[in-house]
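Below are the chains, spelled out letter by letter.
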Amino acid sequence: MKRMMFAFFYILLGLTLAGKVLNWIFSFDAQTNQIINTAMFTLVGIAYLVMGRGWDKKAEKAVILICGGLLITTNFLDTGKTITMVRIACLLTPMLIARFSKAPEAA
């Protein structure tokens, strides 16, 4: 079951990536681009929520889980400079934590 869920998740990520690349080629309208961006941030947020469960240190775990939750919830707010800065911080923070801390072994 776990393998099937990961396969489904990777398919969704691939479709989102394909949508972003096709947007560069065909220049979709704003509504379609917004749907693709919402899917992208939601999938990254879900990935961070799943990744956060594997961390041992409580502080790192909390930051990663909060960033994943914020990426999902900011999709449904009006985009402005503040929301954009929060999104960028939430995208970069778990990557920096994973890069510079001792990450748990992959299961």
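About the cut-offs
- Residues numbered from 1 in each chain as written.
- Predicted model: local features only at pLDDT ≥ 70, side-chain atom pairs only at ≥ 80, totals over all residues.
- Heavy atoms only, no water.
- Helix = DSSP H or I, 4+ residues; strand = E, 2+ residues; numbered from the N terminus.
- Buried < 20%, exposed > 50% of the residue type's maximum accessible area, 1.4 Å probe, protein only.
- Areas by Shrake-Rupley, 256 points an atom, 1.4 Å probe, with all protein chains shown as cover.
- Lys, Arg positive; Asp, Glu negative; His and termini not counted.
- Charge placed at Lys NZ, Arg CZ, Asp CG, Glu CD.
- Polar contact = N/O pair within 3.5 Å; in protein donor to acceptor, adjacent residues only side chain to side chain.
- Contact = heavy atoms within 4.5 Å.
- Patch = residues over 30% accessible without salt bridge, like charges linked within 9 Å, V, L, I, M, F, W, Y side chains within 5 Å.
- Salt bridge = Lys/Arg side-chain N within 4 Å of Asp/Glu carboxyl O.
- Axes fitted to C-alpha atoms, helices over the stretch in contact; angles between N-to-C directions.
- Left-handed = near helix turned anticlockwise from the far one by under 90°.
- Nonpolar A, V, L, I, M, F, W, Y, C, P; charged D, E, K, R; others polar.
- Phe/Tyr/Trp six-rings, centres within 6.5 Å; stacked < 30°, edge-to-face > 60°.
- Lys NZ or Arg CZ within 6 Å of the ring centre and 35° of its normal.

Here the focus is the overall build of the protein chain. Of the regular secondary structure elements, the protein chain holds 4 helices and 0 strands. Starting at the N terminus and ending at the C terminus, the protein chain contains elements arranged as α-α-α-α. Expressed as a percentage of its 107 residues, the buried residues of the protein chain come to 26%. When the accessible surface of the protein chain is summed, it comes to about 7800 Å², and 71% of that surface belongs to carbon and sulfur atoms. Measuring between centres, the 11 positive side-chain charges of the protein chain sit 5 Å from its 5 negative side-chain charges.

In this section: the side chain of Asn75. By the element assignment, Asn75 lies in the loop between helix H3 (58–73) and helix H4 (81–100). Side chain to side chain, Asn75 and Thr42 meet in a polar contact 2.8 Å long. Beyond its immediate stretch of four places on either side in the chain, Asn75 contacts Asn37, Thr38, Phe41, Thr42 and Arg87.

The next thing to look at is a nonpolar patch on the surface. Taken together, the side chains of Leu17, Val21, Leu22, Trp24, Ile25, Phe26 and Phe28 define a hydrophobic patch exposed on the protein surface, amounting to about 760 Å² of accessible area. Mapping Ile25 onto the fold places it in helix H1 (residues 2–26).

Across the interface, H3 lies against H4 with an axial gap of 9 Å and an inter-helix angle of 145°. As H3 runs across H4, the sense of the crossing is left-handed. Residue-level contacts link Glu60, Val63, Ile64, Cys67, Leu70 and Leu71 of H3 to Val86, Arg87, Cys90, Leu91, Thr93, Pro94 and Ile97 of H4. Here the residues of the contact of H3 with H4 sort into 10 nonpolar, 1 polar and 2 charged.

In this section: the packing of aromatic side chains. Counting across every chain of the model gives 2 aromatic pairs. The ring of Phe41 carries the charged tip of Arg87 above its face, separated from the ring centre by 4.4 Å. Directly above the ring of Phe100 sits Arg99, whose terminal nitrogen or CZ lies 5.5 Å from the centroid.

With their axes 11 Å apart at the nearest point, helix H2 (residues 30–52) and H4 run at an angle of 35° to one another. In the packing of H2 onto H4, the handedness of the crossing is left-handed. Between H2 and H4, the residues in contact are Phe41, Val44, Tyr48 and Met51 and Arg87, Cys90, Leu91, Pro94 and Met95, respectively. Along the lines of polarity and charge, the residues of the contact of H2 with H4 split into 8 nonpolar, no polar and 1 charged.

Position of Asp78 among the secondary structure elements: in the loop between H3 and H4. A relative accessible area of 73% places Asp78 in the exposed class. With 54 residues separating them in the primary sequence, Asp78 and Trp24 have C-alpha atoms 24 Å apart.

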